[in-house]
Amino acid sequence: MKTLTLGGAISLVLLLPAVQAQEPVAEETLTPDEFITALDPQEGHISLPGGIAELNLPSTFRYLSPDSTETLLVEGWGNPPGNETLGMVIPTHINPLEQAGWGIVITYDEDGYVSDADAEEINYDELLGQMKESSQQESDQRVEAGYGKMLLAGWAEPPRYEKDSHKLYWAQEFVTDYTEENSLNYNIRVLGRQGVLVLNAVAGMNQIDRIREEMPRLLAVTEFTAGNRYEEFDASTDRVAEYGLAALVAGGVAAKMGLFTKFFALLLAFKKGIFIVGAALVAGVSRWLGRNKNTPDV
């Protein structure tokens with residue numbers, strides 16, 4: 001067995017054939033640059049797994065495969081294993097292991113065609129109030145269970161929907177017991193014919209200006225492939241999602257809150273907390289949707 005130590009903190013264990021088991025254990029340092037090189041980042045045109053969408057990356061971004069993304073999330077950033085993604089996009093000129101490092105994790109929710117009929121009807125201030133209420137309830141449960149608090153502080157950037165491109169943007173700020181700097185979850189959803197392409201930027205609040213500047217550039221080159229585009233929806237054959245844009249925004253907290261954090265101290269809390277978060281927020285969102293007369297049924 002051979003152990004590679006990253007900066008003296010992160011260990012990657014390599015299992016060697018049994019005939020070599022008696023060899024002394026060797027330890028060597030893996031630098032941040034060597035770590036990112038081992039992830040084999042890709043450039044230019046990228047076809048995402050399954051052919052559902054494609055990226056035409058500018059020189060400022062690189063793509064990591066799902067396997068490399070798992071390595072970065074788990075070994076590099078200390079998240080729980082088992083993350084199912086379509087990969088990740090990282091800035092070219094910043095090592096993701098640096099304090100200034102950040103990335104955009106890509107997933108796909110194949111829940112059906114999400115109607116945007118409620119786009120101009122949603123009261124996002126009221127929705128935020130319900131989300132914060134649910135967040136407080138969930139945080140109280142976490143504290144009672146022996147974990148630290150985790151609260152939705154508010155919009156870091158309020159939701160904005162671009163009807164022509166079928167892309168929804170918003171950013172949230174979270175407060176925890178474990179870090180001085182609040183966490184940022186910058187969300188983008190690209191609506192498609194059979195589901196939603198999910199892009200989540202993972203960073204600290206002090207990086208929001210950079211991410212706000214970079215995200216539009218990435219979105220401009222992120223598209224569903226032919227046959228999967230929103231405007232190709234066929235009402236006679238295609239499945240319609242059981243939720244609209246309002247629930248898409250609110251559900252983003254439950255789905256992504258526990259996965260994307262670079263802070264090692266949150267690892268244990270997130271393992272049990274993400275499911276409690278989901279239950280609390282679903283209840284809160286249901287109450288909000290039930291009494292919001294401006295939100296049409298999907």
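Residues numbered from 1 in each chain as written. Predicted model: local features only at pLDDT ≥ 70, side-chain atom pairs only at ≥ 80, totals over all residues. Heavy atoms only, no water.

What is the right way to look at the sheet that holds strand S7 (residues 87-91) in this model?
As a general point, the strands of a sheet are linked pairwise by backbone hydrogen bonds and lie either parallel or antiparallel. Strand order in the open sheet made by the 7 strands is S6-S7-S8-S12-S11-S10-S9, with antiparallel pairing throughout. The two strands at the open ends of the sheet, each matched to only one other strand, are strand S6 (61-64) and strand S9 (150-162). The sheet shows a mean angle of 20 degrees between the axes of neighbouring strands, direction not considered. Where strand S11 (residues 183-191) meets strand S12 (residues 196-204), 9 bridges bridge the pair, whose relative direction is antiparallel. Bridged to Ser183 within S12 is Gly204. Seen against the sheet, helix H3 (residues 124-144) touches S9 and strand S10 (167-176) and runs at an angle of roughly 150 degrees to S9. Docked against the sheet, helix H4 (residues 208-219) engages S6, S7, strand S8 (103-109), S9, S10, S11 and S12, running at close to 15 degrees with respect to S11. (Pairing = 2+ DSSP bridges. Helix = DSSP H or I, 4+ residues; strand = E, 2+ residues; numbered from the N terminus. Axes fitted to C-alpha atoms, helices over the stretch in contact; angles between N-to-C directions. Contact = heavy atoms within 4.5 Å.)

Got a minute to help me understand the sheet that holds strand S5 (residues 53-56) in this structure?
Here we have 3 strands laid out as an open sheet, ordered S4-S5-S13, and antiparallel in their pairing. Edge positions in the sheet fall to strand S4 (45-47) and strand S13 (222-224), since each has one partner strand and no second. Across the sheet, the axes of successive neighbouring strands diverge by a mean angle of 20 degrees, strand direction being ignored. In terms of strand pairing, S4 meets S5 through 3 bridges, oriented antiparallel.

What exactly am I supposed to notice about the confidence of the model for the protein chain here?
On average, residues of the protein chain score 75 in pLDDT, and 73% of them reach the 70 mark or higher. Averaged pLDDT values for the elements of the protein chain fall to 29 in strand S2 (residues 10-14) and rise to 97 in S4. Predicted confidence for residues 252-298 stays below pLDDT 50, and this span has 103 contacts to residues more than four positions away or in other chains. (pLDDT = per-residue confidence, 0-100.)

For this particular structure, what's the right way to read the nonpolar core?
Considering soluble globular proteins, one finds that nonpolar side chains tend to be buried as a cluster. Residues Leu48, Val89, Ile104, Leu184 and Leu197 are the most contacted members of the largest nonpolar core, which totals 33 residues. Looking at which element gives the most residues to this core, the answer is H4, with 5 residues. Ignoring any residue separated from it by four or fewer positions in sequence, one finds Leu48 in contact with Ala53, Leu55, Tyr63, Leu86, Ile106 and Leu197. In this structure, Trp155, Phe174, Leu191 and Val198 belong to the second largest nonpolar core, which totals 26 residues. (Core = buried A, V, L, I, M, F, W, Y, C linked by side-chain atoms within 4.5 Å. Buried < 20%, exposed > 50% of the residue type's maximum accessible area, 1.4 Å probe, protein only.)

When you look at the pairing of S7 in this model, what are you seeing that I'm missing?
The side chains of a regular strand alternate between both faces of the sheet. For S7, the tally of buried residues reaches 5 of 5 residues, placing the bulk of the element in the interior. The two faces of S7 match: Gly87, Val89 and Pro91 on one face and Met88 and Ile90 on the other face are all buried. Across 3 bridges, S7 lies against S8 in antiparallel orientation. Within the sheet, the bridge partner assigned to Val89 lies in S8 and is Ile104.

Can you walk me through the environment of Arg62 in this structure?
Take Arg62: it is sitting in strand S6. Looking at Arg62, the relative accessible area reads 16%, which means it is buried. Measuring from C-alpha to C-alpha, the distance between Arg62 and Pro91 comes to 6.3 Å, with 29 residues separating the pair along the chain. Apart from the residues within four sequence positions on either side, Arg62 is in contact with Ile36, Pro41, Gln42, Glu43, Leu57, Met88, Val89, Ile90, Pro91 and Thr92.

Which parts of the structure should I look at to understand helix H2 (residues 66-76)?
Helical periodicity: at 3.6 residues per turn, an α-helix aligns residues three or four positions apart in one direction. Residues Ser68, Thr69, Leu72, Leu73 and Gly76 constitute the buried set of H2. Buried positions in H2, seen along its axis, are confined to an arc of 135 degrees and lie on one side of it. Two residues or fewer after H2 comes Gly78, characterised by a positive phi angle close to 80 degrees. (Arc of directions from axis to C-beta.)

What exactly am I supposed to notice about the pattern of salt bridges here?
Working definition: two side chains of opposite charge can pair if their charged atoms are close together. Under the criterion given, the structure shown has 9 salt bridges. Where Glu157 meets Arg212, a salt bridge forms, and the shortest distance between an N and an O atom there is 2.8 Å. Highlighted residues: Glu157 in strand S9 and Arg212 in helix H4, separated in sequence by 55 residues. Note on Glu157: relative accessible area 11%, which makes it buried. When the shortest N-O distance is used, the salt bridge between Arg160 and Glu162 registers 3.2 Å. (Salt bridge = Lys/Arg side-chain N within 4 Å of Asp/Glu carboxyl O.)

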